[in-house]
Amino acid sequence: MSNDAATAEAAGTTEAAPAPEPIPHGLGASLPPADARAKTEGTFPYAADLWAEGLLWAAVLRSSHAHARIVSIDTSHAREMPGVRAVVTHEDVPGTPLHGRGSRADRPVFASEVVRHHGEPIAAVAADHPDTARMAAAAVIVEYEVLEPVTDPEQAFEAEPLHPDGNLVRHIPLRHGDPEAAGEVVVEGLYRIGRQDPAPIGAEAGLAVPRPDGGVELYLASTDPHGDRDTAAACYGLSPEQVKVVVTGVPGATADREDQGFQLPLGLLALKTGCPVKLTATREESFLGHVHRHPTLLRYRHHADAEGRVVKVEAQILLDAGAYADTSSDALAAAVAFACGPYVVPNAFIEGWAVRTNNPPSGHVRGEGAMQVCAAYEAQMDKIAKKLGLDPAEVRLRNVLATGDVLPTGQTVTCPAPVAELLQAVRDFPLPALPKDTPEDEWLLPGGPEGAGEPGAVRRGVGYGIGMVHMLGAEGADEVSTATVKVQDGVATVLCAAVETGQGFTTLARQIVQETLGVDEVHVAPVDTDQPPAGPGCRGRHTWVSGGAVERAAKMVRTQLLQPLAHQFGMSTELLQIADGKITSYDGVLSTTVAEALEGKELWATAQCRPHPTEPLDESGQGDAFVGMSFCAIRAVVDVDIEIGSVRVVELAVAQDVGRVLNPAQLTARIEAGVTQGVGIALTENLRTPRGLIRHPDLTGYALPTALDAPDIRIVKLVEERDVVAPFGAKAVSAVPVVASPAAVASAVRAATGRPVNRLPVRPQAAVVTGN
């Protein structure tokens, strides 16, 4: 016992216990995730942890070739192995493939006549033991006639068709303004963006359980359960009502989470055997199966006047869709629409193509389309500044767009667009100390801890990247979500099919209900397809559409709660407010607790949120194709060893328009994660595919940035200018930092070296300066 405590006890008194810290509550508070403890303790139930009585194990045989004709498939050896219960190929698929996310239905469950990419599924096996399943899959004999793969997207235009639908997925010609317009200064560039893997924390896993009605239940870490259900039902020849998708714990998602090349075979095997079937993919299978960011080739020509104002932009954008279309049409629309960036460009002429090749399929990854063009148009802005001898930030400020300006698609920017304010904030933020101001033994040299270079070879560079993304409404997509809010015994429950992928939707839903109803205890029900659809979890759209649906349902319950009280006191519900768990009237006559008002009652309501409709881009690339846009400015500071070409990102200063901060801690984490993912794109992440074959499909050969690679990230400004058409006025925040940070890092490397740096990730040879 301390002396102070002993003295207090002798005096017959005790010290007052410190008041407990208030629990975060409602919108604007840093409410912690409900599943945080389970995840940190390792008790959170992921798909790989699931079990069922009579469980069988699955394995998938994948093609070892990028392009080949299948001469024959012999499954007899696999079927005869002890413990093997079923082997399925394309002959066992009763239905027609369908993709549930609005993209073209061009991907089969199993390759039948032709293999179109390395790792394409050919057969699947169910067995009593996972090792037996893998050995049986390896025992399936496939005779191939190996064909020359088409891996260069430029060659795809002239190559023989790789698919019945041809090699061209989509072509968008954008025409805006005067084609004869010209500037006093012209700069050109050719840019290449590599293939990024989304690298989910946990590899794909799933469980399929047959149902007595002849249907099947799929337990998956799906990000779009209703889309996956419809796809599966079409393949199995069943009605959607006969297939149920139950969403398990999602171990992070920055792209389409699940590889359909294993989730669809799972259901087929369960239906064929009448037993539950489970598959946990290896990391190699994960690399082979799921989609990647589109590798992109970009050619740009910018015209500017003598003061650096852009007069015209001409560009050609070529996206490598890989073997199948998937979501490449959506990615191309974003790339073409945002090809000029968040700048006022009176004249723009953009040609965009997405083509099939024999490379691995590309699809949804954060900032798809927008990230690739940002790297190119920001490089062009650096070239304009260099040619005119102007400060790169100043050139950007002379061109940035604002609310009311018109995009090259002809769409007016009606949402808040404080681009100039964001850029000024990062430009004016103090720069980090130079290495010369620090003792030499404390230097962090490029090349990692104890860097290999010499201090005398290190050059510092400062660069900028300004990104923009759309959040909703891509070309007429029906963006709708439905939510139900129930309150019973003082506890609220939210039912919404919006999947928690790490973006924080379940936490936001709890905050919305707390704010609206004054109820402390709020639970979000698990997601399955028995609930109404909420759509996919890409682009942070659930903050808007699903959060909006939860808010509307909660407000309807609020009205049900307040109406009896308002009627009793002869006033309207608008004159009553809920705050701090109490219901009070404007004049103070009524004052009661929410708990008392809810006693003995069960209230519920269901509501939808559907933003205003959009339209597809027309034959000239014109149209109001998007709802909601988000902007971000980043200033990068890098140190480059110009002798060995290694780069260290010293600091990234970030300013972003967020509409409204709904959860400060969550928002900060999302921005920091997006910036770090962008650093990977800029410097290390490049999934190499020589001759269409994925090289080093593991996390030792694929260089993800680690904690040691993460730079200091300074969030210097969050602009809270609410978007009046968005629920709560908030904007999704995780995608646009991914878009802007690679461009900023490349810009800083250009500033440090004077080299053009026209490829991402930045290769060491691009950062070496000779003759120094």
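Just above, that's the structure.
Predicted model only: the values in this text are computed from it and were never measured.

Enquirer: Please give an account of the nonpolar core that cites residues and values.
Expert: Grouped together as the largest cluster of nonpolar side chains are 107 residues, with contacts concentrated most on Tyr300, Ile317, Ile350, Phe631 and Val749. With 12 residues, helix α16 (residues 735-753) is the largest single contributor of residues to this core. With residues near it in sequence (within four places) discarded, Ile350 still touches Ile172, Pro173, Leu174, Arg175, Val313, Ala315, Ile317, Val336, Ala339 and Cys340. Ranked by size, the runner-up nonpolar core spans 55 residues in total, among them Val247, Ala483, Cys496 and Phe505.

Enquirer: Quick rundown of the side chain of His292? Include the residues and the values.
Expert: Along the polypeptide, His292 turns up in the loop between α7 (283-289) and β13 (296-304). Take His292: its relative accessible area is 0%, and that puts it in the buried class. Sequence-distant contacts of His292, that is, excluding residues within four places in its chain, are made with Arg195, Gln196, Asp197, Pro198, Phe287, Pro360, Pro361, Ser362, Gly363, Val365, Leu687 and Ile694.

Enquirer: Describe the pairing of strand β17 (residues 481-488), listing the residues and the values that go with them.
Expert: Of all eight residues making up β17, six are buried, and the element is well covered by its neighbours. In the sheet, β17 pairs with strand β23 (residues 602-609) via eight bridges, with the strands oriented antiparallel. Pairing of Thr482 across the sheet is with Gln608, part of β23. As defined by bridge partners, β17 adjoins strand β18 (residues 491-496) across six bridges and the pair is classed as antiparallel. Its bridge partner lying in β18, Ala483 is registered against Cys496. Hairpin connection between β17 and β18: a loop of two residues separates the two successive antiparallel strands, and Asp489 in this loop has a positive phi of roughly 55°.

Enquirer: Any details on the sheet that holds strand β7 (residues 168-176)? Residues and values, ideally.
Expert: Spatial strand order, β7-β15-β14-β13-β8-β27: six strands in an open sheet with mixed pairing. Two strands lie at the open edges of the sheet, namely β7 and β27 (759-760), each paired on one side alone. Pairing of strand β8 (residues 185-193) with β27, which is carried by two bridges, proceeds in the parallel orientation. Bridge pairing links Arg192 to Arg759 in β27. Docked against the sheet, helix α8 (residues 328-337) engages β7, β14 (310-322) and β15 (347-356), running at close to 20° with respect to β7.

Enquirer: Go over helix α9 (residues 370-388) with me, naming the residues and quoting the values.
Expert: With 19 residues, α9 extends 27 Å from end C-alpha to end C-alpha; this agrees with the ideal 27 Å at 1.5 Å per step. Most of α9 sits out of view: 15 of its 19 residues are buried. Just beyond α9, the residue with positive phi is Gly389, at close to 70°.

Enquirer: How would you summarise the environment of Val494 if you had to cite specific residues and measurements?
Expert: Within the secondary structure, Val494 is located in strand β18. Separated by 15 residues in the primary sequence, Val494 and Ala509 place their C-alpha atoms 7.3 Å from one another.

Enquirer: Before we move on, could you go through the sheet that holds strand β6 (residues 141-146) and cite the residues and values that matter?
Expert: In space, the three strands of this open sheet follow the order β4-β2-β6, with antiparallel pairing throughout. In this open sheet, the two edge strands, each paired with only one partner strand, are β4 (114-115) and β6. By the bridge criterion, two bridges tie strand β2 (residues 68-74) to β4 in an arrangement that is antiparallel. Bridge pairing in β4 links Arg69 to Val114.

Enquirer: An account of the pattern of salt bridges is requested, with residue identities and associated values reported.
Expert: Going through the model one piece at a time under the given rule, you end up with 35 salt bridges. We note a salt bridge from Arg750 to Asp382, for which the minimum N-O separation is 3.1 Å. With Arg750 in helix α16 and Asp382 in helix α9, this residue pair connects regions lying 368 residues apart in the sequence. Accessibility expressed as a relative area gives 11% for Asp382, which makes it buried. A salt bridge links Asp478 to Arg610, with the shortest nitrogen-to-oxygen separation between them at 2.8 Å.

Enquirer: Before we move on, could you go through the packing of helix α5 (residues 225-236) against helix α6 (residues 260-273) and cite the residues and values that matter?
Expert: Helix packing geometry: the angle between the two helix axes and the distance between the axes. Direction vectors running N to C along α5 and α6 enclose 50°, while the axes themselves pass 10 Å from each other. Comparing the axis directions of α5 and α6 gives the class oblique. Taken as a pair, α5 and α6 cross one another with a handedness that is right-handed. Residues Asp228, Thr231, Ala232, Cys235 and Tyr236 of α5 form the contact with α6, whose participating residues are Gln260, Gln263, Leu264, Gly267, Leu268 and Leu271. For the contact of α5 with α6, a count of residues per class yields six nonpolar, four polar and one charged.

Enquirer: So what's going on with the packing of α9 against α16? Which residues, and what values?
Expert: Viewed as axis vectors pointing N to C, α9 and α16 meet at an angle of 30°, and their least axial separation amounts to 8 Å. α9 and α16 meet at a crossing whose hand is right-handed. Contacts between α9 and α16 involve Ala370, Met371, Cys374, Ala375, Glu378, Ala379 and Asp382 from the first element and Val738, Val739, Ala740, Pro742, Ala743, Ser747 and Arg750 from the second. Here the contact of α9 with α16 is composed, by residue class, of 10 nonpolar, one polar and three charged.

Definitions and cut-offs
Residues numbered from 1 in each chain as written. Predicted model: local features only at pLDDT ≥ 70, side-chain atom pairs only at ≥ 80, totals over all residues. Heavy atoms only, no water. Core = buried A, V, L, I, M, F, W, Y, C linked by side-chain atoms within 4.5 Å. Buried < 20%, exposed > 50% of the residue type's maximum accessible area, 1.4 Å probe, protein only. Helix = DSSP H or I, 4+ residues; strand = E, 2+ residues; numbered from the N terminus. Contact = heavy atoms within 4.5 Å. Pairing = 2+ DSSP bridges. Axes fitted to C-alpha atoms, helices over the stretch in contact; angles between N-to-C directions. Expected span 1.5 Å × (residues − 1). Salt bridge = Lys/Arg side-chain N within 4 Å of Asp/Glu carboxyl O. Parallel < 35°, antiparallel > 145°, perpendicular 65-115°, else oblique. Left-handed = near helix turned anticlockwise from the far one by under 90°. Nonpolar A, V, L, I, M, F, W, Y, C, P; charged D, E, K, R; others polar.

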